[in-house]
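The lines below spell out each chain.
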Amino acid sequence: MSGVRWYKGNIHTHTTESDGDEDPYRVTSWYRRHGYDFLVLSDHNHLTLLDYGSGRRRFRKPLMVPGEEVTLRLEADGTPVHLNGIGISRVVEPIDAGDVVATLQANVDAIAEVGGIASINHPNYEWAFGHREIAQVEGASLLEVFNGHPVVNLLGAPGRPSCEEIWDGVLSAGRVIFGVATDDSHHYHDFAPSRANPGRGWVVVQAAELTQEAIVEGLASGRFYASTGVTLTQVECSPEGIALEIEQERDFVYATRFTGKEGALLAECTGTTARYRPTGEEDYVRATVSCSSGPRAWTQPVFPLETHG
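The structure reproduced in this document is the subject of the present report. For clarity, every value in this text was computed on a predicted model and none was experimentally measured.

## Side note on the overall build of the chain
Okay, step 1: Helix and strand counts for the chain stand at 5 helices and 17 strands.
Okay, step 2: Scaling as 2.2 N^0.38, a compact globule of 309 residues should have a C-alpha radius of gyration of about 19 Å, and the chain matches this with 19 Å.
Okay, step 3: In terms of its C-alpha atoms, the chain occupies a principal-axis envelope of roughly 55 × 45 × 40 Å.
Okay, step 4: Sorting the 309 residues of the chain into buried and exposed places 53% on the buried side.
Okay, step 5: Contacts in the chain between residues at least 24 apart in sequence constitute 65% of all its contacts with a sequence separation of at least 6.
Okay, step 6: Entry remark: accessible area of the chain is about 13,400 Å², with carbon and sulfur atoms responsible for 46%.

See the structure below:
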């Protein structure tokens, strides 16, 4: 693709239109001041749209992509089911279809009906569901492998997989879904580990232009990487392999792990360049870059044998 650029954005953001503690304009201002190219305001069961009318300066960035966190608890047992609708044309009313799989599917379909793509959010929140349920759902584009909210059980627990391991479980079951990192931001005044603050996780989308159509299409097709602080200056992902260049910061050390089916470690290397060429035996390959100071980045999976349906 010629003339493409990389655009940074957050796709999970709350304001005072639901349970955030700042109004949409000031939330958007925070992301603008911190260099974000696009933003999805995803208030619970509410489509938050900014109207830059008279008396308000018109800004080119961030591009505002309409969104909503479709949120419900199952009447049967109280299980929380949360999905983001990204690029939607109108509000989506949450549907309780009786159990987790049917409810996920019904809401993914409802998001698609209004022109959006679906992201399955924080599956470990209250240990709601895992890869077996997600793998039965058709049409979801994205899955949160990192969520910056402190209550989502991101890293799992003994006998319970992490969100990243859930992603591998879904991919290993033959379901193609792309991994995202998000803020799930709610708190914009008090910054602390116990608060859901902005700036913790984002996606960087490859697109020919900064438009809603191009950004949503890039997300839907997996032309992006997810990050909590690692910057990739070059990303090449195709059935022929993965090649990365990593931006060096300070004296930090970078390690890249190439992961395959069931989370198997295929290869590992250190440094600011990493490359993996498939042997022809892999169902899929993805890369995770870890920085010695803590942040990570994730590429999307490639499928050397095109075994996915």
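## Structural notes on the pattern of salt bridges
Okay, step 1: What the rule picks out here adds up to 10 salt bridges.
Okay, step 2: Arg286 is the salt-bridge partner of Glu164, the closest N and O atoms lying 3.0 Å from each other. Here Glu164 is found in helix α4 (residues 163-172), whereas its partner Arg286 is found in strand β16 (residues 286-291), with 122 residues between them in sequence.
Okay, step 3: Judged by relative accessible area, Glu164 falls into the buried class, the value being 15%.
Okay, step 4: The buried category is assigned to Arg286, whose relative accessible area is 1%.
Okay, step 5: When the shortest N-O distance is used, the salt bridge between Arg195 and Asp190 registers 3.8 Å.
Okay, step 6: Each of Glu164, Asp168, Arg286 and Arg296 takes part in salt bridges that share partners, so that together they form one network.

## Observations concerning the sheet that holds strand β10 (residues 224-227)
Okay, step 1: The strand order across the open sheet built from 9 strands is β3-β2-β1-β9-β10-β17-β16-β13-β14, with neighbouring strands paired in mixed fashion. Two strands close off the open sheet at either side, each with one partner strand: β3 (63-64) and β14 (265-270).
Okay, step 2: Relative to strand β9 (residues 202-207), strand β1 (residues 5-10) runs antiparallel, the two sharing 5 bridges. Paired with Lys8 across the bridge in β9 is Val204.
Okay, step 3: Seen against the sheet, helix α5 (residues 212-220) touches β1, β2 (38-39), β3, β9 and β10 and runs at an angle of roughly 110° to β9.

## Brief notes about the sheet that holds strand β5 (residues 80-86)
Across a sheet, strands are paired by hydrogen bonds formed along the backbone, either parallel or antiparallel in direction.
Okay, step 1: An order of β4-β5-β6-β7-β8 is seen for the 5 strands of this open sheet, with the pairing classed as mixed. Two strands close off the open sheet at either side, each with one partner strand: β4 (67-73) and β8 (178-182). Between one strand axis and the next, the sheet turns by 30° as a mean value, whatever way the strands run.
Okay, step 2: In the packing of helix α2 (residues 100-113) onto the sheet, contacts are made with β4, β5 and β6 (117-120), and the angle to β5 comes to roughly 15°.
Okay, step 3: Contacting β7 (142-147) and β8, α4 runs over the sheet at an angle of about 160° to β7.

## Topic: the environment of His122
Okay, step 1: Within the secondary structure, His122 is located in the loop between β6 and α3 (131-134).
Okay, step 2: Taking the C-alpha atoms as reference points, His122 and Asp184, separated by 62 residues in sequence, lie 9.4 Å from one another.
Okay, step 3: Beyond its immediate chain neighbours, meaning those up to four positions away, His122 contacts His12, Glu69, His82, Glu144, Asn147, Val152 and Asp184.
Okay, step 4: In terms of polar contacts, His122 uses its side chain to reach the side chain of His82, at 3.4 Å.

## A short note on α4
Okay, step 1: Most of α4 sits out of view: 9 of its 10 residues are buried.
Okay, step 2: Among the residues making up α4, those that are buried are Cys163, Glu164, Ile166, Trp167, Asp168, Gly169, Val170, Leu171 and Ser172.

## Focus: α5
Okay, step 1: Listing the buried residues of α5 in full gives Ala214, Ile215, Val216, Gly218 and Leu219.
Okay, step 2: Downstream of α5 by one or two residues, Gly222 has phi in the positive range, about 80°.

## Comments concerning the packing of aromatic side chains
Okay, step 1: For the coordinates displayed, the defined rule picks out 6 aromatic pairs.
Okay, step 2: Between Trp30 and Tyr36, the ring centres sit 6.3 Å apart and the planes meet at 50°, which makes this aromatic pair tilted. Here the two residues Trp30 and Tyr36 agree in accessibility, since each one is buried.
Okay, step 3: Here the guanidinium or amino end of Lys8 rests over the ring plane of Trp202, the centre of that ring lying 4.0 Å away.

## Remarks on the environment of Val70
Okay, step 1: Among the structural elements, Val70 can be located in strand β4.
Okay, step 2: Remark: the alpha-carbon pair of Val70 and Asn45, spanning 25 residues in sequence, is separated by 5.2 Å.
Okay, step 3: Beyond its immediate sequence surroundings of up to four residues, Val70 is in contact with Asn45, Val81, His82, Leu83, Val92, Pro94, Asn107 and Ile111.

## A few points about the pairing of strand β12 (residues 241-246)
Look at any regular strand and the pattern is simple: side chains alternate between the two faces of the sheet.
Okay, step 1: Within β12, 5 of the 6 residues are buried, which leaves it mostly tucked inside the rest of the structure.
Okay, step 2: For strand β11 (residues 232-238) and β12, the ladder comprises 6 bridges, and the chain directions are antiparallel. Directly across from Ser238, in β12, lies its bridge partner Gly241.
Okay, step 3: Counted along the chain from β11 to the antiparallel partner β12, the turn is 2 residues long.
Okay, step 4: As paired strands, β12 and strand β15 (residues 273-276) are joined by 4 bridges and run antiparallel to one another. Within β15, the residue paired with Ala243 across the bridge is Arg275.

So, how was this worked out
- Position numbers for residues start from 1 in each chain and track the written sequence from start to end.
- Thresholds applied to this predicted model are a pLDDT of at least 70 for local features of residues and 80 or more for the giving and counting of side-chain atom pairs; totals over whole chains, interfaces and linings are not thresholded and use all residues.
- Excluding hydrogens and water, the side-chain figures rest on all heavy atoms present in the structure.
- Only DSSP runs of H or I reaching four residues or more are called helices, and only runs of E reaching two or more are called strands; each is numbered from the N terminus.
- Only the C-alpha atoms count toward the radius of gyration. The rule for a globule is 2.2 Å times the residue count to the power 0.38.
- For each residue, the accessible area found with a 1.4 Å probe, counting protein chains only, is set against the maximum for its type, and the residue is called buried under 20%, exposed over 50%, and partly exposed in between.
- A contact between two residues is defined here by any heavy atoms of the two lying within 4.5 Å.
- The accessible surface values rely on the Shrake-Rupley method and a 1.4 Å probe; as for residues, cover is taken only from the protein chains in view.
- The salt bridge definition used is simple: a Lys or Arg side-chain nitrogen within 4 Å of an Asp or Glu carboxyl oxygen.
- At least two DSSP bridges between two strands are needed for those strands to be called paired.
- In this analysis, axes come from line fits to C-alpha atoms, helices being fitted only over the stretch in contact, and the angle between any two N-to-C directions falls in the range 0 to 180 degrees.
- Each polar contact in these results corresponds to two N or O atoms within 3.5 Å; when the atoms are within protein, one needs to be able to donate a hydrogen and the other to accept it, and residues that are neighboring in sequence are counted only if both atoms are side-chain atoms.
- Between 30 and 60 degrees the pair is tilted, below 30 it is stacked and above 60 it is edge-to-face, where a pair is any two Phe, Tyr or Trp rings, Trp via its six-membered ring, whose centres lie within 6.5 Å.
- A ring has a charge above it when a Lys NZ or an Arg CZ is no more than 6 Å from the ring centre and no more than 35 degrees off the ring normal.

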